[in-house]
Amino acid sequence: MLKFFIQTYGCQANVADSQAIANFLVNLDCEQVFTENQADLILINTCAIRDKAEQKIYSYIGRLAKLQKQNSLLKIIIVGCIASYKKQEFYSRFNFITFVNGAREDKNILRDKLIEVVMLSQSSKNVLDIDLKFGGIKQEKKHSTQAFVNIMTGCNNFCTYCIVPFTRGREVSYSSQEILEKIKQDIILGAKEIVLLGQNVNSYKCPKSNINFASLLEAVAELDGEFWIRFVSPHPKDMTLDVIKIMAKYPDKICAFMHLPLQSGSNKILELMNRGYNTEKYLEQVGWVKEYLPHATISTDIIVGFPGETEKDFQDTIDIIKKIKFDNIFSFIFSPRKFTKAILMQDDLSYDQKQARLDFLQKLQVDISRENNEKYLGKILKCLVEKEAVNGMLLARSSGNHTVLFNGNIELIDSFVNINIDKVSATNLVGSLIK
Ligand code: 5AD
Ligand code: SF4
């Protein structure tokens, strides 16, 4: 039996792709292992979003050279976003790599390669007889608590800092019928959280019907079963009130959580980023969330040090953060990326100045997150138990996407529980199980 290990970097689109590859291999009777040195096949799903991520991946692959020397039969396959544009560089820099397949390439090529690798390792079995759709919906044997479902791929927005439209290509929505079939299957297999994924879920448009994102969300919420739904990410350029109304209509099924990437609080910078909205429009959308979903949490992404960002622009970002009081912020220093427009923009700020802005923002957010979390003290939250935490407690997630730690039996993993919150920090809630 071939043993495979998958290392996934980057966003949830990559997590979804890795899950599809794992399902495919499990259906070919392979076994997923969780350390590299047990594996006959290592897959690395790469992320190109920032240079730091890219360098980290190169050093990880470099470290695999040692393993390859010990086991010359070890196969190493690189997939994902960096593989989209640095294929030759991978082959020449790491001569031990078996195969590279970029995120924009035909998935059948990867499927055929995986079948070939499996056949070579399992000569007794004729896997060519198997007619499986890659990442398909049939016969999946594997299940996990969360099912990541790509409802679309690619992006047409060309935010001037972002490499995604180049690594993943143009936006394509999948058929709503196929999406719903896949989700039904995931629920039958025991998935408790359905995560709908797209770079801009609001622009979802079924190619075969007039189903848009709001109606897709409603159709998923109408499915039978004990599960809840999340989605990432909506884009403020296209966010509409009908999506929020659907969330309010299904409070038990759709998580009270909105990740709405703001990127900057300065209208000048938003325009330079080609984001297609201004802060006034963003604040209106946050107002909708607060009105229709008063218990919802809101998180965002912020880039600091975008070319041309003055002290005043940065202050505008700080002001809007203080005004909205996000529950969580993912914040990054601008990283110039190949192919993008922003790489050519004049950038006068030093890296140290950018780092100082990031530090300031993150320190402020720690206080805001802690203050927001304090509201949950003494409250009971419904949570989905995901796994054991490093400290031996169980890690669960609330509808608002809080990490909730509590003591309990590992048999609770994969189930919904109610937890009374006793303690909070900026990053976690800690509580006790209500029997
Ligand atoms: N530099 C810094 N952050 C970036 N992001 C995307 N591209 C870049 C870049 N070049 C951030 C954005 C996006 C998140 C997924 O990553 O904030 O929302
Ligand atoms: Fe990148 Fe903008 Fe597309 Fe998001 S919407 S993937 S930030 S180009």
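Residues numbered from 1 in each chain as written. Chains lettered and ligands numbered in written order. Predicted model: local features only at pLDDT ≥ 70, side-chain atom pairs only at ≥ 80, totals over all residues. Heavy atoms only, no water.

## Quick notes on the overall build of the protein chain
Reasoning step 1: Summing up its helical and strand segments, the protein chain has 13 helices and 18 strands in all.
Reasoning step 2: Its C-alpha atoms give the protein chain a radius of gyration of 22 Å, within 12% of the compact-globule value 22 Å for 435 residues.
Reasoning step 3: Structurally, the protein chain occupies a C-alpha span of about 65 × 55 × 50 Å along its principal axes.
Reasoning step 4: Here the protein chain, with 435 residues, has 54% of them falling under the buried criterion.
Reasoning step 5: Taking all contacts inside the protein chain whose residues are at least 6 apart in sequence as the whole, residues at least 24 apart take part in 72%.
Reasoning step 6: In the structure as shown, the protein chain presents an accessible area of about 19800 Å², 52% of it carried by carbon and sulfur atoms.
Reasoning step 7: The positive charge centre, built from 54 side chains, and the negative charge centre, built from 50, are 2 Å apart in the protein chain. (Helix = DSSP H or I, 4+ residues; strand = E, 2+ residues; numbered from the N terminus. Rg over C-alpha atoms; globule rule 2.2 N^0.38 Å. Buried < 20%, exposed > 50% of the residue type's maximum accessible area, 1.4 Å probe, protein only. Contact = heavy atoms within 4.5 Å. Areas by Shrake-Rupley, 256 points an atom, 1.4 Å probe, with all protein chains shown as cover. Lys, Arg positive; Asp, Glu negative; His and termini not counted. Charge placed at Lys NZ, Arg CZ, Asp CG, Glu CD.)

## Some points on the side chain of S266
Reasoning step 1: With respect to the helices, strands and loops of the structure, S266 is situated in the loop between β11 (257–259) and α10 (267–272).
Reasoning step 2: Among the polar contacts made by the side chain of S266, one reaches the side chain of D313 at a distance of 2.9 Å.
Reasoning step 3: Beyond its immediate stretch of four places on either side in the chain, S266 contacts T279, D313, D316 and T317. (Polar contact = N/O pair within 3.5 Å; in protein donor to acceptor, adjacent residues only side chain to side chain.)

## Brief notes about unusual backbone geometry
Reasoning step 1: Looking along the chain, the bond that leaves V232 and enters S233 is cis, with omega of -15°.
Reasoning step 2: By the element assignment, S233 lies in the loop between β10 (228–232) and α9 (241–249).
Reasoning step 3: Positive phi, close to 75°, is recorded for Q263, a residue that is not glycine.
Reasoning step 4: Turning to its location among the elements, Q263 is positioned in the loop between β11 and α10.
Reasoning step 5: Under the relative-accessibility criterion, Q263 is labelled buried at 6%.

## Side note on the environment of F257
Reasoning step 1: In this fold, F257 is placed in strand β11.
Reasoning step 2: Taking the C-alpha atoms as reference points, F257 and S399, separated by 142 residues in sequence, lie 6.7 Å from one another.
Reasoning step 3: Those residues in contact with F257 that sit more than four places away from it in its chain are R230, M247, A296, T297, S299, S399, G400 and N401.

## Description of the site of ligand 1
Reasoning step 1: Neighbouring ligand 1 are the residues I49, R50, Y161, Q263, D301, I303, F332, I333, F334, S335 and R337.
Reasoning step 2: The backbone of S335 places a nitrogen or oxygen atom 2.8 Å from a nitrogen atom of ligand 1.
Reasoning step 3: Secondary structure elements with two or more residues in the shell around ligand 1: β12 (297–304) and β13 (328–333).
Reasoning step 4: Split by residue class, the shell around ligand 1 holds six nonpolar, two polar and three charged. (Near = heavy atom within 4 Å. Nonpolar A, V, L, I, M, F, W, Y, C, P; charged D, E, K, R; others polar.)

## Here we look at the sheet that holds strand β18 (residues 428–433)
Reasoning step 1: Spatially, five strands are ordered β14-β15-β16-β18-β17 in a closed barrel, and the strand pairing comes out mixed. Strand-to-strand twist in this sheet, taken as the mean axis angle between neighbours without regard to direction, amounts to 55°.
Reasoning step 2: Bridge count for strand β14 (residues 380–388) against strand β15 (residues 394–398) is five bridges, and the pairing is antiparallel. Bridge assignment links C383 to a residue of β15, and that residue is S398. (Pairing = 2+ DSSP bridges. Axes fitted to C-alpha atoms, helices over the stretch in contact; angles between N-to-C directions.)

## A short note on the environment of N95
Reasoning step 1: Tracing the backbone shows N95 in the loop between α4 (87–93) and β5 (99–102).
Reasoning step 2: Residues N95 and A65 lie 30 residues apart in sequence; the distance between their C-alpha atoms is 9.1 Å.

## A few points about the pattern of salt bridges
Reasoning step 1: Scanning all chains against the criterion turns up 21 salt bridges.
Reasoning step 2: Put simply, R111 and D112 hold a salt bridge, and the shortest N to O gap is 3.3 Å.
Reasoning step 3: Residue K249 is joined to E218 by a salt bridge in which the shortest nitrogen-to-oxygen separation is 2.6 Å. Placement of K249 in helix α9 and of E218 in helix α8 (residues 213–221) is noted, with a sequence separation of 31 residues between them.
Reasoning step 4: Taken together, the shared-partner salt bridges in this structure form one network comprising D51, E54, K86 and R337. (Salt bridge = Lys/Arg side-chain N within 4 Å of Asp/Glu carboxyl O.)

## What about the sheet that holds strand β9 (residues 193–197)?
Reasoning step 1: Taken together, three strands build an open sheet; the order of strands is β6-β9-β10 and the sheet is parallel. Of all the strands in the sheet, the pair left with one neighbour each is β6 (146–150) and β10. Here the strands of the sheet are splayed against their neighbours by 20° on average, with no regard to which way each runs.
Reasoning step 2: Along the sheet face, helix α1 (residues 12–27) touches β6, β9 and β10 and points at about 105° away from the line of β6.
Reasoning step 3: Most of the contacts of helix α7 (residues 176–188) go to β6, to which it runs at about 170°, and overall it touches β6 and β9.

## Let's talk about the pairing of β6
Reasoning step 1: Taking burial as the measure, the five residues of β6 include five buried ones, the bulk of the element.
Reasoning step 2: One ladder, built from five bridges, connects β6 with β9; its direction is parallel. Counted as the bridge partner of Q146 is E193 from β9.

## Considering the packing of α9 against helix α11 (residues 279–292)
Reasoning step 1: It is at 10 Å that the axes of α9 and α11 come closest, and there the two elements cross at 20°. By the angle class used here, α9 and α11 are roughly parallel. In this structure, α9 crosses over α11, and the sense of that crossing is right-handed. Contacts between α9 and α11 involve L241, I244, K245 and A248 from the first element and Q285, W288, V289 and Y292 from the second.
Reasoning step 2: Grouping the amino acids of the contact of α9 with α11 by side-chain chemistry returns six nonpolar, one polar and one charged. (Parallel < 35°, antiparallel > 145°, perpendicular 65-115°, else oblique. Left-handed = near helix turned anticlockwise from the far one by under 90°.)

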